[in-house]
Each structure stands twice: as C-alpha cells, then as structure tokens.
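# Survey of secondary and tertiary structure
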Amino acid sequence: MVELVVRRFKCLNPQCPAVTFTEQIEGLTSPHARYTPLLRTLLTSIAASLAGRPGARLAAALSIRVAKDKLLELLRGLPELPLVSVRVLGVDDFALRKGDSYATILVDLEERRPVDVLPGRDSEPLADWLRGHPEVEVICRDRAGAYAEGSRSGAPQARQVADAWHLLRNLAEAVEKTVGAHHQCIRTAFTTPPAVTESATALKGTAEPPPEGMPFVPPDGTRDVLGHPRRLVARTTERYTAVQHLMSEGKSLAAISRQLRLDHSTVRRFARARNLDELLVKAINRASILDEHKPYLHMRWSEGCHDVPQLHRELRARGFTGDIQCVRRYFRPFKKPHSPSRRTRPRPLPSCGPHRNPGASSAGS
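Here goes a summary of the coordinates provided. Values in this document were obtained by computation on a predicted structure and should not be read as measured data. (Residues numbered from 1 in each chain as written. Predicted model: local features only at pLDDT ≥ 70, side-chain atom pairs only at ≥ 80, totals over all residues. Heavy atoms only, no water.)

Take the pattern of salt bridges next. For the structure shown, the criterion picks out 10 salt bridges. Across the pair arginine 7 and glutamate 23 runs a salt bridge whose closest N-O atoms are separated by 3.2 Å. Of this pair, arginine 7 sits in the segment before strand E1 (8–10) while glutamate 23 is found in the loop between strand E2 (20–22) and helix H1 (37–50), placing the two residues 16 residues apart along the sequence. A salt bridge links glutamate 137 to arginine 87, with the shortest nitrogen-to-oxygen separation between them at 3.3 Å. A residue pair is termed long-range when its members are at least 10 positions apart, and glutamate 137 in the loop between helix H4 (123–131) and strand E6 (138–141) and arginine 87 in the loop between helix H3 (68–76) and strand E3 (88–97) qualify at 50 residues. Connected via shared salt-bridge partners are Arg87, Glu110 and Glu137. (Salt bridge = Lys/Arg side-chain N within 4 Å of Asp/Glu carboxyl O. Helix = DSSP H or I, 4+ residues; strand = E, 2+ residues; numbered from the N terminus.)

Here is the structure:
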C-alpha cells in the first residue's frame, strides 16, 4: 500500500472545463490511469509474450490480479513498429481455426518480429507481397509447394532455404532410415558373449524364468519372455512379405491396398522399406518403465515369490512408478491356465414361481 500526498491546483479561468488539476509524479502516476507506469510495462510485456488467458495465469502467479481482456487491450494499445526493409524473410502457415481456415505469417528473422499476415496458404498472395519488397534476399520457408512457387515467381532473386525445424526433421528421418536398414549389423555388433547367448537360447520355449544364479538375458524384442513370437512382429513380417510379393508381380499400390484391405499409406510404407528390419526397428526397441526392474523380478520369481501384489510393493520401494497391472501383464505368460471355476460351470435352470425345483427336492429327499 502506497500513501501518496499530491497537490491540487485550481484554474482561475472561469471558462476552463477542468477547473482543477492534480500534479503528476513522474515515473509513478499518469493521468486517468489505474496502473503505475512500472506495472503497466510489466503487464504489457506479459501480454506481448503470452496474450490473454496464459498471461492472466502468469500474472496471478506473480500476485497481480488482471483480466485477460485487459491484457488484450494493452496488447492492442502497443504502437506499431515502423516498417523497415526485410532482408531475411520467414514464411510459414498457422491455423486460424484448425482444420477449417489457415493463414500465412511473414516474419523478419533478423529483427525477430512479424511483418505481415496473408490470407490462406496459396502462392499468389505471397508472390504479390514479394513483388512489392524487392529487397528480400533470403526466404526461409517450409517444404510446401505453394510457398516454393510463390517465392520463385515473386522474388526470383531471393535464395530459398529450409527452416531449422524441417532441417532437423529431415536429419532425424535420414538417421532413422539408416539405422533401420542396418539394424541387424548393429545387433550383431552388440551381441552378448556366447555363453550367455547359449543359456538364453536354452531358456526359450520354457515356461519358467532363469533359475537363481543364472544371469537374466532380456528378449531381443521379436519374442516375448517365453520365446514366443510377438503378434506385432509376426503381423509386420506377414504384411511385408505379402506387399513385396504383390509388387514383384507388377501390381500397383492401389491394387495391393484393395487386395490386402490395408490403408494406402501403410502399403506405401511397406513398399518403400529397404528390408524388414527397417519396419521392425520401432516395434522391437520399445522401452518400458519395467525394463530396469526385470532382472530383480526374475530373481524374486525364481526364489518362489509368485505374489504379484507383493512384487509390486517391492518394486515401489525400489523406485518403480508404474501400477500393478504392468507387473501382472508381464508375468501373465508364466501363469498356468486354471481349471474352470464354479462360476463357469452350467447352473441348473431356476424354478418357475415361488416353489422349489421338484427335481432338486426329490434329489434332496
């Protein structure tokens, strides 16, 4: 709370509509203002960074009570920056209403501020804007064909480059394809010693985890903990074989999609794959929050502790954050099928009316 004492002056001119005047403290008060200049500057910065609702939430965290509409009013009150020549122009689209209407935003990448907003995502508005700004030397855009055509026709002197996000995305896709194509080589390079491999091979097909004292060897991803082929791996292998066989017969992707009843994009992905390992690299390398605790689970199971709730409590004490269903699903292949319970056995038909079943009464007598 700030208590401020100021002087009030009276105008001696009877024609003055204001009559009185109050002195202003520079840097602290402004005429007809409800905020100090310092607070107004702070709220304007928040509005320029986060706009309405997010800005109001940040202001509340800073113990400043302000409505989202006030932040938008402060944002609209900012003076427009003077237009300067743009040398490096960034072009990208954004959604006014996702799935319905879009627009194109132009950004001065050197000044790091928006320059203009164009309607739609077509090439003509961009080409018209570039014709009026011949000073543009570099256009940083995404991979949309409309923006490429508009840049060529509107600014043939400018050099077109891809933005950083698409460069990183292209690099990630290239690395992923390369690793997928050579996944078998990578797996061979990191193969476990022969003794451990033989013990792991001997355990495949058994219904018990490794005995106590034997090192735990996790499955390679193509099989489950019992050595059975995983359904996802088997399905991917079957579809890849079918697509490649039909392609060798000269059939088109559309015909293969209709024959196998698969989506066209799925068929195209299976057709463009260099080998099967490129498709299985994501399926067999999925990480789980239970991975680091599997050796401990196998040790406790081999010691005779088959109580899943007890194992889950021990894992929680070791820092495991998953639920009990994750542990139960992992040990489901180890459990033997139970005999039909009483609930699954057929029950005798109920009697009609309030009297007892005659067959049941005669059997009891």
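So, about a nonpolar patch on the surface. Taken together, Val2, Leu4, Val6 and Leu28 make up a surface patch of nonpolar side chains, about 320 Å² in accessible area. Note that valine 2 resides in the segment before E1. Classification of valine 2 as exposed rests on a relative accessible area of 67%. (Patch = residues over 30% accessible without salt bridge, like charges linked within 9 Å, V, L, I, M, F, W, Y side chains within 5 Å. Areas by Shrake-Rupley, 256 points an atom, 1.4 Å probe, with all protein chains shown as cover. Buried < 20%, exposed > 50% of the residue type's maximum accessible area, 1.4 Å probe, protein only.)

Attention now goes to H1. Compared with an ideal rise of 1.5 Å per residue, which puts 14 residues at 20 Å, H1 spans 20 Å between its outermost C-alpha atoms and is within 8% of the ideal. Looking at the buried side of H1, the elements it contacts are helix H2 (53–61) and H3. Positive backbone phi, approximately 70°, marks alanine 51, located one or two places after H1. (Expected span 1.5 Å × (residues − 1). Contact = heavy atoms within 4.5 Å.)

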